[in-house]
Amino acid sequence: MLLSGCGEVWNDPYPQAEAGRNILYSAFTERPKHLDPAQSYTSDEITFTAQIYEPPLQYHYLKRPYTLISQTLTGLPKVSYYDAAGRLLPAQAPAAQIASSVYELELRPGILFQPHPAFAVDAAGQPRYLQLSRAALADKRSPGDFPETGSRALRSDDYIYQIKRLAHPQLHSPIFGMMADKIVGLKELGEALQQAAKRGKSEQGKSEWLDLDRFPLSGVERVDAYRWKIRLHGKYPQFLYWLAMPFFAPVPREVDQFYSQPGMRENNLTLDWWPVGTGPFLMQENNPNQRMVLARNPNYHGETYPCAGEAADRDAGLLADCGKALPFLDQAVFTREKESIPYWNKFLQGYYDASGISSDSFDQAIRIGIDGDVGLSDGMRERGIQLQTSVNASTFYMGFNLLDPVVGGLGERGRKLRQAISIAIDQEEYISIFMNGRGQAAMSPLPPGIFGHDPSPAGYNPVVYEPGDGPPRRRAVAEARKLLAEAGYPNGRDSRSGEPLVLNLDTTSSGMGEKSRLDWLTRQFAKLDIQLVVRATDFNRFQEKLRKGAVQLYYLGWNADYPDPENFFFLLNGKESKVGQGGENASNYANPEFDRLFELMKNQDNGPERLGHIRRMLSLLQQDAPWVFGLHPKSYSLGHAWLKNRKPNDVGNNTLKYQRIDVAERQRQRAAWNTPQFAPLLGVLALLLLALWPARRAWLRREQRRGRDPL
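What comes next concerns the included structure. (Residues numbered from 1 in each chain as written. Predicted model: local features only at pLDDT ≥ 70, side-chain atom pairs only at ≥ 80, totals over all residues. Heavy atoms only, no water.)

1. Examining the sheet that holds strand β6 (residues 100–106)
As a reminder, the rule being used: Two strands are said to pair when DSSP picks up at least two bridges between them. Numbering of helices and strands starts at the N terminus; helices are DSSP runs of H or I of at least 4 residues and strands are runs of E of at least 2. Contacts are residue-level and defined by heavy atoms, with any inter-residue pair within 4.5 Å sufficient. Each axis is a line fitted through C-alpha atoms, taken for helices only over the stretch in contact, and angles between the N-to-C directions span 0 to 180 degrees.
An order of β5-β4-β6-β8-β7 is seen for the five strands of this open sheet, with the pairing classed as antiparallel. At either end of the open sheet lies a strand with only one pairing partner, and these are β5 (88–89) and β7 (220–224). Judged from the seven bridges that link them, β6 and strand β8 (residues 227–233) form a sheet pairing that is antiparallel. Residue pairing across strands places E106 opposite R227, the latter belonging to β8. Relative to β7, helix α2 (residues 156–165) is tilted by about 170°, and along the sheet it contacts β7 and β8.

If you want it as structure tokens, here you go:
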């Protein structure tokens with residue numbers, strides 16, 4: 001008990017040596033599985049990888065809609081189009097004429113990799129730490145355990161090497177299949193690497209390392225140390241978004257070879273555990289079950305804080321650091337918190353600089369006014385805590401299987417049935433009851449922030465909503481019942497057979513609170529006298545049913561891979577039908593006009609013509625109603641007043657470099673909020689003494705009796 005009081009603050013969870021330092025403190029709940037840029041693809045992982053690796057492009061931190069800018073390049077890539085005969089085409093050439101697209105990229109000189117033993121060389125200029133024995137690696141658990149490090153300049157070869165790694169058979173990159181269809185020669189490279197890996201396993205003593213420089217990739221050309229070209233099949237303007245993802249970050253050949261030595265993997269010395277990049281931070285400590293630490297990269301090439309953004313950014317203080325050098329932080333410490341309550345309590349004590357809001361703490365943090373306005377509670381405002389909200393670039397929906405004889409088809413019977421159900425399911429009520437208001441009812445597949453989304457009343461779904469004095473309001477259930485009758489189901493009964501209408505919902509929901517959600521959904525269908533049967537199943541069986549089209553209704557969601565309408569509309573493209581095509585169109589929706597417009601829209605640049613195609617596509621979807629357009633989730637984030645330059649960003653993840661800490665203010669507030677309270681300790685001590693007093697009296701009586709008893 002006495003030792004627990006050592007330090008300036010008795011309950012401070014951090015070492016005394018960190019007090020007053022320029023360190024951001026945060027938490028994570030799920031351990032990252034992959035930090036290798038060829039494999040990593042989850043939000044838990046990109047929290048770290050996006051701060052270490054630098055793909056060619058990035059998103060402007062403040063501008064909306066999301067805008068791509070250079071990260072390591074001299075500017076955005078130059079794109080040229082060619083026909084099947086190899087002739088150069090004008091930029092406005094129709095997509096049908098374009099046989100290939102060539103992206104030319106040019107690096108900025110002077111960018112260095114972080115210090116790392118893979119770059120260390122001896123007096124002769126040879127790698128110092130290659131061909132190490134297992135005995136030499138016995139005490140090595142991190143790159144910091146090697147006495148010498150080195151660095152070198154970033155080259156175009158490093159980006160080319162990483163593209164080849166996407167085809168590596170041992171890495172199983174989640175985007176290889178898609179990129180093999182886009183990048184010329186990547187599929188053939190994958191086949192060649194498969195054969196080479198098999199030969200390597202069959203030859204005794206063969207090194208496990210595949211030197212990718214020995215394998216050509218026809219679609220990627222090295223021009224010189226700073227320039228390279230990438231050739232794609234056809235036209236694919238969305239490729240620029242992929243160039244902002246860690247999949248296309250540079251990986252040096254030396255690092256790959258260094259980590260491939262025998263004995264490295266057994267000691268967690270891999271790129272999956274210890275990333276190597278050119279970004280503002282490097283991995284200093286990796287204990288994913290407890291704590292992960294990012295430290296400032298001493299070799300960082302430098303970047304400055306943006307000076308332009310949205311109109312409201314200046315008033316929000318987001319331009320105060322205009323032109324200042326990045327990053328602002330020296331370190332970022334992430335502690336694993338498996339439970340939400342300890343996470344929340346440490347945030348309130350000032351030991352975490354920012355926090356989300358779990359359902360357990362929502363009422364403590366948020367107050368919702370009579371008019372629906374969302375604000376902070378009095379307790380949060382008194383502490384100077386700031387609330388940030390943003391609608392995620394995600395959409396969640398209930399889908400209809402268009403191949404089903406009851407809810408499917410593009411005829412009037414199926415279409416009006418789907419429209420009626422879309423009206424009856426009150427998304428606003430669902431968001432209010434089950435999500436604490438943290439969501440926005442969807443009008444289409446496109447969430448806010450995506451080109452083509454219209455937040456004005458003109459962008460509302462006219463099938464489900466009608467104009468009102470204020471915002472459009474959901475149509476009455478009476479209109480839904482009218483549509484149901486026109487579909488041939490008056491009062492929920494088939495007009496031909498007289499049988500009640502029974503619909504089946506397949507779901508994997510089985511967690512806490514799911515029963516109440518499903519009960520609520522059943523009541524929504526009951527408004528139309530439709531009987532809903534919920535068929536719970538495990539995820540694998542659910543996926544199999546979708547593949548076979550053995551469902552009527554189902555729930556799914558989609559998070560944006562990149563901020564482009566194509567990334568949402570393809571979910572309803574006929575060529576992507578789950579049945580027959582094995583695509584992502586689980587509703588098996590196939591409207592020839594929609595598919596025609598999709599082919600025109602997907603390869604167009606944002607502009608009036610593309611917007612016109614999108615408006616027509618949205619109108620078709622709203623009329624055909626292949627989905628009950630559910631909601632776009634809204635994220636709520638809290639930050640202390642000393643944490644500066646925070647702006648929600650759904651697609652740009654390399655945001656740590658922009659954050660700044662007012663260390664002195666944090667120290668002052670922590671001390672004020674964590675003043676030792678001696679009264680409880682004194683009370684416990686008093687209770688302990690009271691509990692010991694009867695035992696002492698009994699001991700004294702026993703000793704006195706022993707003194708009087710004769711021997």
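Alright, that's what it looks like, and here's the rest.
2. Section: the packing of aromatic side chains
Basically, it comes down to this: The criterion for an aromatic pair is that two Phe, Tyr or Trp rings (for Trp, the six-membered ring) have centres within 6.5 Å, with stacked assigned to planes under 30 degrees apart, edge-to-face to planes over 60 apart and tilted to the rest. Each residue is assigned to one of three classes by its accessible area relative to the maximum for its type, calculated with a 1.4 Å probe on protein chains only: buried under 20%, partly exposed between the two thresholds, exposed over 50%. A ring has a charge above it when a Lys NZ or an Arg CZ is no more than 6 Å from the ring centre and no more than 35 degrees off the ring normal.
Under the defined criterion, the tally for this structure stands at 33 aromatic pairs. Look at Y430 and W520: their rings are 5.3 Å apart centre to centre, the planes differ by 55°, and that puts the pair in the tilted class. Note that Y430 is positioned in helix α11 (residues 427–434) and W520 in helix α13 (residues 514–526), a separation of 90 residues in sequence. An angle of 40° between the planes, with centres 5.8 Å apart, marks the rings of W642 and W673 as tilted. Here W642 is found in the loop between β25 (627–639) and β26 (643–644), whereas its partner W673 is found in helix α19 (residues 663–673), with 31 residues between them in sequence. Note on W642: relative accessible area 1%, which makes it buried. Three or more aromatic residues link up through ring pairs in this structure, and these residues are Y41, Y241, W242, F247 and Y562. In this structure, K182 is placed above the aromatic ring of Y236, and the distance from its NZ or CZ to the ring centre is 4.1 Å. Above the face of the W673 ring, R383 is positioned so that its terminal group lies 4.6 Å from the ring centre.

3. Remarks on empty space enclosed by the protein
The criterion, for reference: Site definitions follow a grid-based scheme: protein atoms alone, a 1 Å grid, a 1.4 Å probe that fits but cannot get out for cavities, and for pockets an open set with protein on both sides within 12 Å along at least five of seven lines, plus lining residues having an atom within 4 Å of a point. Grid points are joined across faces, edges and corners, and a volume is the space filled by probe spheres set on the points.
Taken as a whole and assessed by the stated rule, the structure comprises two cavities of 30 Å³ or more. Of the voids in this model, the largest cavity is the one considered here, and its volume is about 60 Å³. Lining the largest cavity, in full, are S422, I425, Q427, A442, N461, V464, Y465, R474, V628 and F629. The calculated volume of the second largest cavity comes to roughly 40 Å³. Every residue lining the second largest cavity is listed: P56, L105, Y159, I163, W228, I230, L243 and F248.

4. Some remarks on a nonpolar patch on the surface
The test is simple: Candidate patch residues must exceed 30% relative accessible area and have no salt bridge, after which like charges are joined if within 9 Å and Val, Leu, Ile, Met, Phe, Trp or Tyr side chains if within 5 Å. Only the protein chains shown count as cover for residues, and the accessible areas themselves come from Shrake-Rupley with a 1.4 Å probe. Each reported salt bridge corresponds to a side-chain nitrogen of Lys or Arg within 4 Å of a carboxyl oxygen of Asp or Glu.
Taken together, L682, L685, L688, L689 and L692 make up a surface patch of nonpolar side chains, about 500 Å² in accessible area. If you trace the backbone, L682 turns up in helix α20 (residues 678–708).

5. Some thoughts on the sheet that holds strand β10 (residues 291–296)
Ordered by their spatial adjacency, four strands build an open sheet running β1-β13-β10-β9, and the pairing between neighbours is mixed. Since the sheet does not close on itself, it has two edges, and those belong to β1 (23–28) and β9 (281–287), each with one partner. Taken pair by pair, the neighbouring strands of this sheet meet at an average axis angle of 20°, ignoring direction. Direction of pairing for β10 relative to strand β13 (residues 331–336): antiparallel, over a ladder of five bridges. What sits directly across from A295, in β13, is Q331.

6. Thoughts on the environment of G234
Tracing the backbone through its elements, the reader meets G234 in the loop between β8 and α5 (239–242). Judged by its relative accessible area of 16%, G234 falls in the buried class. Sequence separation between G234 and Q97 is 137 residues; the distance between their C-alpha atoms is 8.4 Å. For G234, the contacting residues outside a window of four places in its chain are I98, A99, S100 and S101.

7. Details of the pattern of salt bridges
Side chains that differ in sign of charge can pair as their charged atoms come close. Taken as a whole, this structure holds 45 salt bridges when the rule is applied. We note a salt bridge from E599 to K602, for which the minimum N-O separation is 3.3 Å. Each of E412, K416, K482 and E486 takes part in a single network of salt bridges with overlapping partners.

8. Brief notes about the state of the cysteines
A disulfide bridge is the covalent bond that connects two cysteines by way of their sulfur atoms. This is how it is decided: The criterion for a disulfide is a pair of cysteine sulfur atoms lying within 2.5 Å.
Considering all chains together, one arrives at one disulfide under this definition. The partner cysteine of C307 in its disulfide is C322, sulfur to sulfur 1.9 Å. Handedness here is read from the sign of the S-S torsion; for C307 and C322, about 90°, the answer is right-handed. Of this pair, C307 sits in the loop between β11 (303–304) and β12 (325–326) while C322 sits in the loop between β11 and β12; the two residues are 15 residues apart in sequence, bridging distant segments of the chain. We classify C307 as partly exposed; its relative accessible area is 40%.

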